[in-house]
Amino acid sequence: MTVYFIGAGPGAADLITVRGRDLLMRCPVCLYPGSLTPPDLLAHCPPGARRVDTAELSLEEITGELVAAHEAGHDVARLCSGDPSIYSAVAEQMRRLDAAGVPYSVVPGVPAFAAAAAVLGRELTVPTVGQSLVVTRVQARSTAMPPGETLAAFAATGTTLAVHLAINRIEQVVEQLVPHYGPDCPVAVVARASQPEERILRGALGDIAPQVRAAGITSAAVIFVGRVLSAGSFPDSFLYSAARDRSAKTPRAT
C-alpha cells in the first residue's frame, strides 16, 4: 500500500488538485493538520474512512499511524497544508517511512505564497524590476536556520522576499530589511489567503509593523517585500514582444 503526501493548498477546499482530491476520495485512512484543514475538504474522504488529526501528534506517533495503515493494507492520504515541498516536515516523515519500508508518493499543491500573490493580484517576477523570489522564514522557537541563511544576506541581493512564520516578529524583520531596501520599499502582508478570514495589509517597510499590530494578525501570514509589489512602469516580457523574431517558430499541432 502507499502513503500519499498530498498538498492540500492554502485553505480553500477547492484549491486542492484534481489528483489530490481523487486520491483523498479513495483512501480509507486520512491524516490531516486539524487547524489548517477545512471541513469541506475532509468531506471528500470515503464513508467510514479513519480520520486522524495530527495537530497534537509527534512525528513518531504520525509515523506509527502511517505504518499501521500500511500493514493493514490501506492506502493513506497524508494531507499537508500548502505544498509538501516547503515547511511541511515531509522530509522527516519520508525518512521514517524509508526505514520502515513503507512506499510513498508526493502530490503537489498550491503553496501559501502563491495563493497570497494571487490575492494581491501581483506577479512576483516583473521584467527589469525583479526576476527572483526568495522564500524563507526567521529564527524563532523553531529549528535553527543554516549559517548564511539570514534575512540580511538575502536582502543584500535586493530580491523579492516571501517571508513565512515571521508575523509575530515583524519589528525584527523590518529592522533587518530597512538598511537594504529602504523604509519606502513596498510591503504586503496576506493572512489566511483564500480562507474566509483572509486579511490583506499594504504599506512600506517604514509603516507595516504598526499596521500588523493594529490588525491583530498573529498567525498564518506571508510577508512580501520588494519593488515588484508596486511596479507599474516596466518593459513587456521578451517572450511576447512584437520585436521578437518568430520566423523559425515550429507550428503547434492542433
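Procedures and definitions
Residues numbered from 1 in each chain as written. Predicted model: local features only at pLDDT ≥ 70, side-chain atom pairs only at ≥ 80, totals over all residues. Heavy atoms only, no water. Domains from an automatic or database assignment. Contact = heavy atoms within 4.5 Å. Buried area = accessible area lost by both parts, 1.4 Å probe. Salt bridge = Lys/Arg side-chain N within 4 Å of Asp/Glu carboxyl O. Polar contact = N/O pair within 3.5 Å; in protein donor to acceptor, adjacent residues only side chain to side chain. Nonpolar A, V, L, I, M, F, W, Y, C, P; charged D, E, K, R; others polar. Helix = DSSP H or I, 4+ residues; strand = E, 2+ residues; numbered from the N terminus. Buried < 20%, exposed > 50% of the residue type's maximum accessible area, 1.4 Å probe, protein only. Pairing = 2+ DSSP bridges. Axes fitted to C-alpha atoms, helices over the stretch in contact; angles between N-to-C directions. Parallel < 35°, antiparallel > 145°, perpendicular 65-115°, else oblique. Left-handed = near helix turned anticlockwise from the far one by under 90°. Expected span 1.5 Å × (residues − 1). Arc of directions from axis to C-beta.

Comments concerning the domain arrangement of the protein
At step 1: Domain annotation of the protein identifies domain 1 (3–107) and domain 2 (112–230).
At step 2: In this structure, domain 1 and domain 2 have C-alpha centres spaced 29 Å apart.
At step 3: Listed per partner, the contact involves six residues of domain 1 and ten residues of domain 2.
At step 4: Between domain 1 and domain 2 lies a buried interface of about 640 Å² when both sides are counted; carbon and sulfur atoms form 66% of it.
At step 5: It is Pro 10, Ile 86 and Tyr 87 that lose the most area in domain 1 upon contact with domain 2, and together they represent 70% of the buried surface on that side.
At step 6: Where domain 1 meets domain 2, there are zero salt bridges.
At step 7: The tally of links between domain 1 and domain 2 comes to three residue pairs in polar contact (both at pLDDT 80 or more).
At step 8: Residues that form the side of domain 1 that touches domain 2 fall into these classes: five nonpolar, one polar and no charged.

Section: the pattern of salt bridges
Side chains that differ in charge, positive against negative, can pair when their charged atoms come close.
At step 1: Summed over all chains, the structure comprises six salt bridges.
At step 2: The closest approach of N and O atoms between Arg 96 and Glu 60, which form a salt bridge, is 2.9 Å. Residue Arg 96 is located in helix H4 (residues 90–100), and its partner Glu 60 is located in helix H3 (residues 59–71); the two are separated by 36 residues in the primary sequence.
At step 3: The class of Arg 96 is partly exposed, set by a relative accessible area of 23%.
At step 4: Residue classification places Glu 60 among the exposed residues on the basis of a relative accessible area of 51%.
At step 5: Between Arg 227 and Asp 184 there is a salt bridge whose closest N-O contact spans 3.2 Å. Residue Arg 227 is found in the segment after strand S10 (221–225), and its partner Asp 184 is found in the loop between helix H7 (170–181) and strand S8 (186–191); the two are separated by 43 residues along the sequence.
At step 6: Judged by its relative accessible area of 37%, Arg 227 is partly exposed.

A few points about the sheet that holds strand S4 (residues 76–80)
In a beta sheet, neighbouring strands pair by backbone hydrogen bonds and run either parallel or antiparallel.
At step 1: Taken in spatial order, the five strands make up an open sheet running S3-S2-S4-S1-S5, and their pairing is parallel. On the outer flanks of this sheet lie strand S3 (50–53) and strand S5 (104–107), each paired with one strand and no other. Across this sheet, the average inter-strand angle for adjacent strands is 20°, counted without regard to direction.
At step 2: Of the strand pairs in this sheet, strand S1 (residues 3–7) and S5 are connected by four bridges, and their pairing is parallel. Residue pairing in the sheet places Ile 6 in a bridge with Val 107 of S5.
At step 3: On top of the sheet, H3 reaches S1, strand S2 (29–32), S3 and S4; it is set at about 165° to S2, its chief contact.
At step 4: Lying over the sheet, H4 contacts S1, S4 and S5, oriented at roughly 175° with respect to S1.

Structural notes on the packing of H3 against H4
At step 1: In the contact formed by H3 and H4, the axes pass within 10 Å of each other and the chain directions differ by 50°. Between H3 and H4, the crossing angle belongs to the class labelled oblique. Crossing hand, H3 versus H4: right-handed. Judged by residue contacts, Leu 59, Glu 60, Ile 62, Thr 63, Leu 66 and Val 67 of H3 engage Glu 92, Gln 93, Arg 96, Leu 97 and Ala 100 from H4.

Observations regarding H3
At step 1: An ideal rise of 1.5 Å per residue puts 18 Å on 13 residues; H3 measures up with 18 Å between its terminal C-alpha atoms.
At step 2: Within H3, the full set of buried residues consists of Ile 62, Thr 63, Leu 66, Val 67 and Ala 69. Looking straight down H3, one finds that the buried residues subtend no more than 160° of arc, so they occupy a single side. Facing away from the buried surface of H3 by more than 90 degrees, the exposed residues are Glu 60 and Glu 71.
At step 3: Contacts made by the buried residues of H3 are with S1, S2, S4 and H4.
At step 4: A positive backbone phi angle near 85° is found at Gly 73, which sits one or two residues after H3.

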